[in-house]
Amino acid sequence: MSEKGPAPIQALTARPSWKALQAHWNTLSAVHLRDMFANDATRGDRLNTEAAGLYLDYSKQRVTSETLGLLNALATECGLRERIDAMFRGDKINVSEKRAVLHVALRAPAGTTITVDGVNVVPEVQAVLARMETFARSIRSGDWKGHTGKRIRNIVNIGIGGSDLGPVMAYEALRWYSDRSLAFRFVSNVDGTDFVEATRDLDAAETLFIVSSKTFTTLETMTNAQTARAWAVAALGSNAAVAKHFVAVSTNAEGVAKFGIDTVNMFGFWDWVGGRYSMDAAIGLSTMIAVGPENFRAMLAGFNAMDEHFRSAPFERNLPVLMGLLGIWNNNFLGAQTVAVLPYDQYLKRFPAYLQQLTMESNGKHVTLEGATVDAATGPVYWGEPGTNGQHSFYQMIHQGTRIIPCDFIGFRKPLNELGRHHDLLMANVFAQTEALAFGKTAEQVKAEGTPDWLVPHRVFEGNRPTNTILADQLTPHTLGALVALYEHAVFTQGSVWGIDSFDQWGVELGKALAQRIIGELEAPATAPLTHDSSTNSLIRRYRSPN
Ligand code: G6Q
């Protein structure tokens, strides 16, 4: 690659496989899932695949063997195999930031070799993990004492974006495995309410703050960290308290030291770990304290099992590749603009929020790797809620609205909390929803139930709505790791086909820079001149107005 960036590639929509997919959709669009199932009794047994403990049924997607073959050809034409190899090799595939993308090294077993700029990074990863383990054990055992000699009972993670969403999601997802004598809180928003509400009932003498920030410069996190330090020092009566009540997770040792945290209590990571790909790096320190080092290692093993599958399985049985390509099919050919993620497990309640960042910050891009405007739609909007709550809220639109909303249903065979019939009732809903979405209910069926003619149209379900069902045995740390890695690699698969950089996030810069300027203006006298557009000027004036 030259300094100018990567060599131009063929426009996506001009690729032979893209054109073939378009032609194929033109005929397939008229075919109903009802017919696909009626014409092939084995469809549900055939269109599924399994890896790292996750079973994916994609038979309720609007695809045939031909579609899958063409999607596979598209992936091959777009160089997906080479992109996967390049990622695992440590090439600088994050071209706009000139960085390697090696979250897979975070979960590679000790003894593996993965090099960045000639250095094997696996021993460094293992060394940080070992330090995290020692620290996590000392908190969990009570050996680590606060400034006044009390043991730590509350852990507050301060971070935002990638330094928050992964830790919160993982804590909630693995809560069943967590030490219930410890309380975990997560502060991310610069809105003071977040800090105040998270700490109002905490005893500072028993509270540990983990300041999680890759850069250690992020406005929200630094503001919350300063507030936390003032809160702890005021309560404990001494600056010396910081040493026992603050640790940092960062790549910026200088910034950490400047803040006043001894770098002995800093857990590092590297520029080749993107923020939204860092929940299994030291950013996962709160997770490790919550569930213990063994469970954290099991989660890493789950990630790694999916990584190895992604790296080695042929595309036609490769879970992340299939999920990614099916997403492209729905997005670019069916014209779907969103994806609903519907976990049927209360512990996964923050999973959709986590996925929103992973998918939308990664693939919400408008230019290709070489800077040309993309010629096809890129990442869809991801959203969702745990089932069955969503069923009583937005599922109406998924079933009978005018937009196609592909859904990912996620469920488990065994519950973590056995409680009467609850789990059967929960899972019956998963299966019922995907069945209803695929097959719908015709006017004839509705009439046959004795529905009066005027009401029939209202009660008809078109069906033909595409869904994935991901089924696993139980929500374990291993399963969670595999699930997150599945989506990480599906995102990469899609980014590779769209030819975009899934690992940068320039789109968050402009708002940040403008906010920096406006902060000064909000704190200036109400008469200070403003030079924004008339709308922004008038809003700022109204905010600054003394009455
Ligand atoms: C993620 C993004 C972004 C980042 C936050 C926090 O991929 O880069 O969400 O994680 O802006 O950044 P710091 O960890 O540097 O505070």
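Structure: above.
The rules we used
- Residues numbered from 1 in each chain as written.
- Predicted model: local features only at pLDDT ≥ 70, side-chain atom pairs only at ≥ 80, totals over all residues.
- Heavy atoms only, no water.
- Helix = DSSP H or I, 4+ residues; strand = E, 2+ residues; numbered from the N terminus.
- Rg over C-alpha atoms; globule rule 2.2 N^0.38 Å.
- Buried < 20%, exposed > 50% of the residue type's maximum accessible area, 1.4 Å probe, protein only.
- Contact = heavy atoms within 4.5 Å.
- Areas by Shrake-Rupley, 256 points an atom, 1.4 Å probe, with all protein chains shown as cover.
- Lys, Arg positive; Asp, Glu negative; His and termini not counted.
- Charge placed at Lys NZ, Arg CZ, Asp CG, Glu CD.
- Near = heavy atom within 4 Å.
- Polar contact = N/O pair within 3.5 Å; in protein donor to acceptor, adjacent residues only side chain to side chain.
- Nonpolar A, V, L, I, M, F, W, Y, C, P; charged D, E, K, R; others polar.
- Pairing = 2+ DSSP bridges.
- Axes fitted to C-alpha atoms, helices over the stretch in contact; angles between N-to-C directions.
- Expected span 1.5 Å × (residues − 1).
- Parallel < 35°, antiparallel > 145°, perpendicular 65-115°, else oblique.
- Left-handed = near helix turned anticlockwise from the far one by under 90°.

Draft legend 1. Quick peek at the overall build of the chain. Along the chain, the regular secondary structure elements total 23 helices and 13 strands. Scaling as 2.2 N^0.38, a compact globule of 547 residues should have a C-alpha radius of gyration of about 24 Å, and the chain matches this with 25 Å. Counting only C-alpha atoms, the chain reaches 75 × 65 × 60 Å along its principal axes. Relative to its full complement of 547 residues, the chain shows a buried share of 54%. Pairs at least 24 residues apart make up 74% of the contacts formed inside the chain by residues separated by at least 6 positions. With an accessible surface of roughly 23,300 Å², the chain has 53% of that area assigned to carbon and sulfur atoms. Between the centroid of the 50 positive side chains of the chain and the centroid of its 55 negative side chains there is a distance of 3 Å.

Draft legend 2. Molecular detail of the site of the ligand. Taken together, 13 residues surround the ligand, and among them Ser163, Ser213, Thr215, Thr218 and Gln357 come closest. Contact between the ligand and Gly275: an oxygen atom at 3.5 Å from a main-chain N or O atom of the residue. Between the ligand and Glu361, the relevant distance is 3.2 Å, taken from an oxygen atom to a side-chain nitrogen or oxygen of the residue. Out of a free accessible area of 410 Å², the ligand has 87% covered by protein chains. Taken together, the residues of the shell around the ligand break down into one nonpolar, nine polar and three charged.

Draft legend 3. Examining the sheet that holds strand 5 (residues 154-158) more closely. Ordered in space as 6-5-7-8-9, the five strands form an open sheet in which the pairing is parallel. Both edges of this open sheet fall to strand 6 (183-187) and strand 9 (266-268), since each of them pairs with a single strand only. Taking each pair of neighbouring strands and ignoring which way they run, the sheet shows an average axis angle of 20°. Judged from the three bridges that link them, strand 8 (residues 246-250) and strand 9 form a sheet pairing that is parallel. Opposite Val249, over in strand 9, you have Phe267 as the bridge partner. Strands strand 5, strand 7 (207-212), strand 8 and strand 9 of the sheet are contacted by helix 7 (residues 122-141), whose axis makes an angle of about 145° with strand 9.

Draft legend 4. Examining helix 18 (residues 422-439) more closely. Helix length check: helix 18, at 18 residues, gives a terminal C-alpha distance of 26 Å against a target of 26 Å (1.5 Å per residue), a fit within 8%. Where the residues of helix 18 are buried, they touch helix 2 (33-38), helix 17 (395-400), strand 12 (407-412) and strand 13 (467-472). Just past helix 18, the residue Gly440 takes up positive phi, approximately 60°.

Draft legend 5. View of unusual backbone geometry. In this structure, Thr388 follows Gly387 across a cis peptide bond, with omega equal to 5°. On the secondary structure map, Thr388 appears in the loop between strand 11 (381-384) and helix 17. Non-glycine residue Phe216 carries a positive phi angle of around 55°. For Phe216, the position within the fold is in the loop between strand 7 and helix 10 (219-236). Look at Phe216 and you get buried, because its relative accessible area is 5%.

Draft legend 6. Broad picture of the packing of helix 22 (residues 509-523) against helix 23 (residues 534-544). In contact at an axis separation of 9 Å, helix 22 and helix 23 are set at 40° when each is read in the N-to-C sense. Taken together, the axes of helix 22 and helix 23 are oblique relative to one another. For the pair helix 22 and helix 23, the crossing hand works out as right-handed. Contacts between helix 22 and helix 23 involve Ile518, Glu521 and Leu522 from the former and Thr536, Ile540, Tyr543 and Arg544 from the latter. When grouped by side-chain class, the residues that make up the contact of helix 22 with helix 23 number four nonpolar, one polar and two charged.

Draft legend 7. Region of the structure containing the sheet that holds strand 10 (residues 338-343). Pairing is mixed across the open sheet formed by six strands, whose spatial order is 1-2-13-12-10-11. Unpaired on one side and paired on the other, strand 1 (48-51) and strand 11 mark the two borders of the sheet. Across the sheet, the mean angle separating the axes of adjacent strands is 20° when strand polarity is ignored. Direction of pairing for strand 2 (residues 54-57) relative to strand 13: antiparallel, over a ladder of four bridges. Within strand 13, the residue paired with Leu56 across the bridge is Ile470.

Draft legend 8. Focus on helix 16 (residues 351-363). Taking 1.5 Å of rise per residue, 13 residues should cover 18 Å, and helix 16 covers 18 Å from first to last C-alpha, within 8% of that figure. Turning to helix 16, its buried residues number three or more, namely Phe351, Pro352, Tyr354, Leu355, Gln357, Leu358, Thr359, Ser362 and Asn363.

Draft legend 9. Broad picture of the side chain of Asn468. Following the sequence through the fold, Asn468 ends up in strand 13. A polar atom in the side chain of Asn468 sits 3.0 Å from the side chain of Asp408. In contact with Asn468, other than residues within four places in its own chain, are Leu56, Asp57, Tyr58, Gln61, Met323, Leu326, Cys407, Asp408 and Phe409.

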